[in-house]
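Read off the chains here:
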Amino acid sequence: MKNSPQNSLKLAVAGLVAIAALSACNKQADETATTTPPAETTATPATPTPVAAAEGLTTEQFKALAEEGFIYGLPLVMNYAIMNEYAVDPNSSQYKAPFNQIKNEARVFTYKDTAVVTANSDTPYSLGWLDLRAEPMVVTIPTVKDRYYSVMLNDGHTYNYGYMGSRATGGKAGSYMVVGPDWKGDKPAGIDEVFQSLTPFSLIAFRTQLMNPTDMPNVEKIQAEYKLQPLSAFQGEPAPAPAADPGFLPATTAGIKANFWTYLGAALEYVPEADEDRDIRSRLAAIGIGPGKKFDIKSLSPERQQAMVEAMKSGDEKVTAYLGSGLIDVNGWQLGSLPGDRAHFNGDWLMRAGAAKAGIYGNDAVEAVYLFGRVDSNGQVVDTSKHNYTFTFAKGELPPVNAFWSVTMYYGKSQLMVENPINRYLVNTAMVSDMKKNADGSVTIYVQKDSPGKDKEANWLPAPNETAYMVMRLYWPKPATEAVTVLPVGKGNWKPPGIVIAE
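Only a predicted model underlies this, so the values are computations on that prediction, with no experimental measurement involved.

## Describing the packing of helix α1 (residues 59–88) against helix α6 (residues 302–325)
At their nearest, the axes of α1 and α6 sit 8 Å apart, and the two run at 45° to each other. With respect to α6, the element α1 is oriented oblique. Crossing angle aside, the handedness with which α1 passes α6 is right-handed. Along its contact with α1, which presents T59, F62, K63, A66, E67, F70 and I71, the element α6 presents E303, R304, A307, M308, E310, A311, M312, S314, G315, D316, K318 and V319.

Spelled out as structure tokens, the structure:
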């Protein structure tokens, strides 16, 4: 994913002109949305938190703090809104299942899936949100040897904190316990490993490789063996008292544009403070944003209201610039080891925001390497409304992986998958055998909005009638492409082929 939650979402604050562009959580529908936010997310608090503690700041200092807060809070807000859509609001079109239940998707994601941008269309997902407050949860997985699968744990910080599956646990069956931030104790009998979340609510994402469309029944058999249960049920003991209703503030990904700071305060209720974020959270609390506070932007002066809007815009521009220049350029593809665990980010909020913007819930680099394609080999933005493009894998130069590779197409603006007449959202390992080869044995992929012709359609990656955004995924990369602390892709023996305008 990366699976869930980055794209071009126009941000606005209720009552203000929408002038900021948040490329992190937009939906395609936002292009035509009004500036009136959903009623359930915009109620003004009866008693707004005073912001007198920040009165000593100049407007520029206030704006700088808000910009830093936006960059810090972007992944938290995205995650909070997605959690609401997936597990809290059963009326959401994106709803999956209540907490502590797995929703198996016997399909791949398409353009109709809008809660998480830049999702993959390779591996049918099985998704669940964990509520770890009352007791730990136990996830049980089967032995899977005929294909790649992985189970990723991701907390409210959007830190990956645990893996099971083909690479991590050798594809063997096992039972693993997931515990909340306050849990202490020994590993129970029958548990292979314990994973501790830093937050009481956490995402669990299963990815199961689909070989081809006729392979779905085999995927479903594997999904049926994924099991999630409370520790008490696993041990056959009485269950503890349930945790209180958390009373989540309703949130939607579409609502982020008008409620960013309110959502951030709500998200922070369930993200315990840590050493690395104590300073920024203390300063945000001074302006009324944090656990137990009811932020009301209307309590600010007009100058400071405008400063907050401008801070979101400038913060988003910094994240965009980071993704454009903070990564390694390899034949026009941008390569970076962005997603990871707490130690990986080490308080680098800009990198964490970049990881969310590029594709929230992405994998650690040892599990999957991502290359982002927004420009061609000459550094020009890929605009498939104006040009047809190609990229060509030389004979024997397909991406080196232990599992599989793919290149998925998205709208350049929304980062959602592209609706197209042949319902094809990617090209991947399994499709190569059916592709037409060139005389020298190479394989050319046609990147364009219209069919290149029936004789070339097997090699066609349908593109939008606008700017395009491609993500090349290398699952379980071989050493030539592994990126942990260094990024040898582009420095070693293999390089991704450049995207070029078709002659």
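The discussion continues.
## A word on the nonpolar core
Among the nonpolar cores identified, the biggest contains 79 residues, and W129, F260, W261, L264, M308 and L338 are the most heavily contacted of them. No other element matches α1, which puts 16 residues into this core. Those residues within four positions of F260 in sequence are excluded, and the remaining contacts are F70, G73, L74, V77 and M312.

## A few points about the side chain of D113
Position of D113 relative to the elements: it lies in the loop between β3 (103–104) and β4 (125–131). Since its relative accessible area comes to 8%, D113 is described here as buried. A polar contact is formed between the side chain of D113 and the backbone nitrogen of T110, at a distance of 2.9 Å. The contact partners of D113, leaving out residues within four places of it in the chain, are Q94, K96, R107 and L416.

## Describing α1
Under the 1.5 Å per step criterion, the end-to-end length of α1 is only 38 Å for 30 residues, more than 12% shorter than the ideal 44 Å. For α1, the tally of buried residues reaches 23 of 30 residues, placing the bulk of the element in the interior.

## Brief notes about the sheet that holds strand β6 (residues 149–155)
Taken in spatial order, the five strands line up as β3-β4-β10-β6-β7 in an open sheet, and their pairing is antiparallel. Only two strands of the sheet have a single partner each, and these edge strands are β3 and β7 (160–165). Relative to strand β10 (residues 201–208), β4 runs antiparallel, the two being bridged by seven bridges. Across the sheet, the residue bridging to G128 is I204, located in β10. Against the sheet, α1 touches β4, β6 and β10, its axis set at about 105° to β4. Here helix α2 (residues 216–223) sits on the sheet and contacts β3, β4 and β10; the angle it forms with β10, its principal contact strand, is near 140°.

## Observations concerning the pattern of salt bridges
Applying the stated criterion across every chain yields a total of 20 salt bridges. Residue E67 is joined to K318 by a salt bridge in which the shortest nitrogen-to-oxygen separation is 2.6 Å. On the criterion of sequence distance, the pair formed by E67 in helix α1 and K318 in helix α6 is long-range, its members being 251 residues apart. Assessed through its relative accessible area of 14%, E67 is described here as buried. With a shortest N-O distance of 2.5 Å, E367 and R167 are connected by a salt bridge. One end of the pair, E367, is in the loop between α8 (349–359) and β14 (368–373); the other, R167, is in the loop between β7 and β8 (174–179), with 200 residues separating them in the sequence. According to the relative accessible area criterion, E367 is buried, its value standing at 1%. Classification of R167 by relative accessible area gives partly exposed; the value is 26%.

The rules behind the values
Residues numbered from 1 in each chain as written. Predicted model: local features only at pLDDT ≥ 70, side-chain atom pairs only at ≥ 80, totals over all residues. Heavy atoms only, no water. Axes fitted to C-alpha atoms, helices over the stretch in contact; angles between N-to-C directions. Helix = DSSP H or I, 4+ residues; strand = E, 2+ residues; numbered from the N terminus. Parallel < 35°, antiparallel > 145°, perpendicular 65-115°, else oblique. Left-handed = near helix turned anticlockwise from the far one by under 90°. Contact = heavy atoms within 4.5 Å. Core = buried A, V, L, I, M, F, W, Y, C linked by side-chain atoms within 4.5 Å. Buried < 20%, exposed > 50% of the residue type's maximum accessible area, 1.4 Å probe, protein only. Polar contact = N/O pair within 3.5 Å; in protein donor to acceptor, adjacent residues only side chain to side chain. Expected span 1.5 Å × (residues − 1). Pairing = 2+ DSSP bridges. Salt bridge = Lys/Arg side-chain N within 4 Å of Asp/Glu carboxyl O.

Spatial relationships are all this shows, so hold off on functional conclusions.
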